[in-house]
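Residues per chain are reported as follows:
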Number of protein chains: 2
Amino acid sequence: MDFKNRLKYYQNLTEEGLRRFLPPEDTYPPVIHQAMNYSLQAGGKRLRPVLLLAAGEWSGLMPEKLLPAAVGVECLHTYSLIHDDLPAMDNDDFRRGKPTNHKVFGEAIAILAGDALLTKAFELTAKTMELGIPAERVVRAIAELAVASGSEGLIAGQVVDLTSNEKKKDPEVLQYIHLNKTARLIRYSLIAGGILAGALEEEIEALDNYGRHLGLAFQMVDDLLDVIGDFTKIGKPVGSDEKNQKLTYVSLFGIDETRRQAEEEIAAAQNILKRYGERSSFFIELAEYILKRES
Amino acid sequence: MDFKNRLKYYQNLTEEGLRRFLPPEDTYPPVIHQAMNYSLQAGGKRLRPVLLLAAGEWSGLMPEKLLPAAVGVECLHTYSLIHDDLPAMDNDDFRRGKPTNHKVFGEAIAILAGDALLTKAFELTAKTMELGIPAERVVRAIAELAVASGSEGLIAGQVVDLTSNEKKKDPEVLQYIHLNKTARLIRYSLIAGGILAGALEEEIEALDNYGRHLGLAFQMVDDLLDVIGDFTKIGKPVGSDEKNQKLTYVSLFGIDETRRQAEEEIAAAQNILKRYGERSSFFIELAEYILKRES
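All of these numbers come straight from a predicted model, not from anything done at the bench. (Residues numbered from 1 in each chain as written. Chains lettered and ligands numbered in written order. Predicted model: local features only at pLDDT ≥ 70, side-chain atom pairs only at ≥ 80, totals over all residues. Heavy atoms only, no water.)

### A few points about the overall build of chain A
Line of reasoning, step 1. A tally of regular secondary structure across chain A gives 13 helices and 2 strands.
Line of reasoning, step 2. Computed over C-alpha atoms, the radius of gyration of chain A comes to 19 Å, within 12% of the 19 Å expected from 2.2 N^0.38 for 295 residues, which places it in the range of a compact globule.
Line of reasoning, step 3. With the C-alpha coordinates of chain A rotated into their principal frame, the extents come out at 50 × 50 × 35 Å.
Line of reasoning, step 4. Buried residues in chain A amount to 58% of all 295 residues.
Line of reasoning, step 5. At a minimum sequence separation of 6, the contacts of chain A that also span at least 24 residues come to 75%. (Helix = DSSP H or I, 4+ residues; strand = E, 2+ residues; numbered from the N terminus. Rg over C-alpha atoms; globule rule 2.2 N^0.38 Å. Buried < 20%, exposed > 50% of the residue type's maximum accessible area, 1.4 Å probe, protein only. Contact = heavy atoms within 4.5 Å.)

Set out below in structure tokens:
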């Protein structure tokens, strides 16, 4: 299978898992299940589940066995978006062209839908034991998920991000935010695939390092798109990050230097997995795809 | 050890666990760890961890082995209080005589502190594997925790509660709310102790049934205290539940009938565990204590 077909295959599997492992919208009480589903269906590239499934297959396990954990990490990612968009946080009305969860369901249900998706992430990761994954591996993956998304991981990144516009431009603060808000869950997705599939410790470490570089590059491209996207549309580099006085790679280093750093991170990511030979080809091409993506 | 000393012993162990398993307040970023700790230290009876530790000991395991899971369920309970108190939900300014989390730390940090405590609950439950609990049991407890607190458990109860004042007085709705908002996590605490300690399936079921009756009685006494508490203070039965037009046992059945039902639930709870003889004495006395509590 070439890169594009394999990507599509993992994405389709994820969509199927979302239908299979989330409660139908008419499950009582319906409003919470509609709200959960609304944001899960708001789409995106399903990058994190794709990484988890691919890392599992890279480690020798068929992706179907890890599907609940893959859907779980998408639930966790979606919870973080719903809570980040809340009026008390970034106060965003739109995400990916659709009204945000609280604009449709109200703040109370949006908070609870986020809570429910966070909770579901752990339930689904635990569910891999039913598919024959040894329990020790499942517990380890759950612990990794909790640490990656907890008060010294994803949430720490959001806390520092919330206050970053008041701070002077500090590259270390920027690095901290993105290592935690973006790279952390990407790293988790990769190592969870390895852990659950029974990879060697040195392989899990390689997946982790690949994820760290990929995650930072992903965020740099995000910051670039916030500027370039608007540039091609309205003819001048003013994006929502600048409006919100967000600390970004572009605001700190400028467009050219950010692009150079992104290319450097992508090359570093590729180098880590290249030494495993042919079986890494999906990850090598995925890194290229992350760099060149337009949305 | 008599009942009071044993209760105190479990409570002290929980306090020790809270100090040991939660990050110190100066852990970066400090504001989130201060906010988490603020609500964890707002006290209470530590009922859920006590139940978990006692159910573990009832099943033959020393309580120290289950301490991370016991602290975990207190984290989960505390998250639910922080989010319930938010302006978008019940909009409460005080809890147990102290300003609520969002009054002290602001809404954004309060939401994130709740998220972090929910996440920590799973991390700590997973941690029991390090103390020698077999991984299969740990995964099962984690799955039970996720289901009990998810969109068809605790969160479902909160969703229905949020809209209950608009509904006509329906005993089935009231039952649904309290089975999910209150009894569910109490049941989890009991069965988690049993599961992690390796109790027989029929023992786990008995703990579950005891918890169901205890949980309902606990809520009935709560509703009574909301009226009686104010009665002794201001001389007339007007409490916050009535002000908020909450559907309660007292508003539906009156004081005398609610008390009668609470006594009935307590007796039912006691009957379930009495047949296990002397080893159930703590649970028999705890049921009495729940019925007669004044706060």
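Having seen the model, we can carry on.
### Here's the deal with the environment of Ala110(A)
Residues and elements named next belong to chain A.
Line of reasoning, step 1. Mapped onto the fold, Ala110 is located in helix H6 (residues 107–127).
Line of reasoning, step 2. Separated by 24 residues in sequence, Ala110 and Leu86 place their C-alpha atoms 7.9 Å apart.
Line of reasoning, step 3. Apart from residues no more than four positions distant in its own chain, Ala110 is found in contact with Ile82, His83, Leu86, Asn101 and His102.

### So, the interface of chain B and chain A
Line of reasoning, step 1. Each partner contributes residues to the interface: chain B has 45 residues there, and chain A has 45 residues.
Line of reasoning, step 2. Approximately 3,700 Å² of surface area, both sides summed, lies buried where chain B meets chain A, with 78% of it carried by carbon and sulfur atoms.
Line of reasoning, step 3. Remark: the boundary between chain B and chain A carries 0 salt bridges.
Line of reasoning, step 4. For the side of chain B that touches chain A, the secondary-structure elements that each account for two or more residues are helix H2 (30–40), helix H4 (67–85), helix H6 (107–127), helix H7 (135–149) and helix H8 (154–162) of chain B.
Line of reasoning, step 5. Of the residues that constitute the side of chain B that touches chain A, the class distribution is 32 nonpolar, 8 polar and 5 charged. (Buried area = accessible area lost by both parts, 1.4 Å probe. Salt bridge = Lys/Arg side-chain N within 4 Å of Asp/Glu carboxyl O. Nonpolar A, V, L, I, M, F, W, Y, C, P; charged D, E, K, R; others polar.)

### Let's talk about the relation of the copies chain B and chain A
Line of reasoning, step 1. Taken as rigid bodies, chain B and chain A are interconverted by a rotation of 180° and an axial shift of 0.0 Å, the fit giving an RMSD of 0.0 Å. Here the symmetry operator amounts to a two-fold rotation axis. Among all residues of chain B, the minimum C-alpha distance to the rotation axis is found for Ala135(B), at 2.6 Å. (Least-squares fit on C-alpha atoms with pLDDT ≥ 70 in both.)

### A short note on helix H14 (residues 281–292) of chain B
Line of reasoning, step 1. Between the first and last C-alpha of H14(B) there are 17 Å, a value that for 12 residues agrees with the 16 Å anticipated at 1.5 Å per step.
Line of reasoning, step 2. Every buried residue of H14(B) is accounted for by Phe282(B), Phe283(B), Ile284(B), Leu286(B), Ala287(B) and Ile290(B). (Expected span 1.5 Å × (residues − 1).)

### Side note on helix H4 (residues 67–85) of chain A
Line of reasoning, step 1. Taking 1.5 Å of rise per residue, 19 residues should cover 27 Å, and H4(A) covers 27 Å from first to last C-alpha, within 8% of that figure.
Line of reasoning, step 2. Of all the 19 residues making up H4(A), 19 are buried; the element is thus mostly covered by neighbouring parts of the structure.

### Considering the packing of aromatic side chains
Line of reasoning, step 1. Scanning the model with the defined rule gives 21 aromatic pairs over all chains in all.
Line of reasoning, step 2. Between the aromatic rings of Tyr10(A) and Phe282(A), the centroid separation amounts to 5.3 Å while the plane-to-plane angle is 80°, which identifies the pairing as edge-to-face. With Tyr10(A) in helix H1 (residues 3–21) and Phe282(A) in helix H13 (residues 281–292), this pair connects stretches of sequence that are 272 residues apart. One exposure class covers both Tyr10(A) and Phe282(A), and it is buried.
Line of reasoning, step 3. On the numbers, 5.6 Å between centres and 70° between planes, the contact of Tyr38(B) with Phe105(B) is edge-to-face. Highlighted residues: Tyr38(B) in helix H2 and Phe105(B) in helix H5 (residues 101–105), separated in sequence by 67 residues.
Line of reasoning, step 4. One aromatic cluster in this structure is built from Phe3(A), Tyr9(A), Tyr10(A), Tyr210(A), Phe282(A), Phe283(A) and Tyr289(A).
Line of reasoning, step 5. Taking the ring centre of Phe218(A) as reference, the NZ or CZ of Arg293(A) above it sits at 4.0 Å.
Line of reasoning, step 6. Its end group placed over the ring of Phe218(B), Arg48(B) keeps NZ or CZ at 6.0 Å from the ring centre. (Phe/Tyr/Trp six-rings, centres within 6.5 Å; stacked < 30°, edge-to-face > 60°. Lys NZ or Arg CZ within 6 Å of the ring centre and 35° of its normal.)

### A few points about the packing of H4(B) against helix H9 (residues 171–197) of chain B
Residues and elements named next belong to chain B.
Line of reasoning, step 1. Packing of H4 against H9 leaves a shortest axis separation of 10 Å and a crossing angle of 165°. In terms of orientation, H4 and H9 fall into the roughly antiparallel class. Between H4 and H9 lies a crossing whose hand is right-handed. Of H9, the residues touching H4 (which contributes Ala69, Val73, Leu76, His77 and Asp84) are Lys181, Leu185, Tyr188, Ser189 and Leu196.
Line of reasoning, step 2. Residue composition of the contact of H4 with H9, grouped by class: 6 nonpolar, 2 polar and 2 charged. (Axes fitted to C-alpha atoms, helices over the stretch in contact; angles between N-to-C directions. Parallel < 35°, antiparallel > 145°, perpendicular 65-115°, else oblique. Left-handed = near helix turned anticlockwise from the far one by under 90°.)

### Here's the deal with unusual backbone geometry
Residue and element names in this part refer to chain A.
Line of reasoning, step 1. The peptide bond linking Tyr28 to Pro29 adopts the cis configuration, its omega dihedral lying at -10°.
Line of reasoning, step 2. Here Pro29 is to be found in the loop between H1 and helix H2 (30–40).
Line of reasoning, step 3. Backbone geometry at Arg46 places phi at a positive 55°, although glycine is not the residue there.
Line of reasoning, step 4. One can find Arg46 in the loop between H2 and helix H3 (47–58).

### What to know about the side chain of Thr78(A)
Residues and elements named next belong to chain A.
Line of reasoning, step 1. By secondary structure assignment, the location of Thr78 is in helix H4.
Line of reasoning, step 2. Separated by 2.7 Å, the side chain of Thr78 and the backbone oxygen of Glu74 make a polar contact.
Line of reasoning, step 3. In contact with Thr78, other than residues within four places in its own chain, are Ser39, Leu40 and Leu117. (Polar contact = N/O pair within 3.5 Å; in protein donor to acceptor, adjacent residues only side chain to side chain.)

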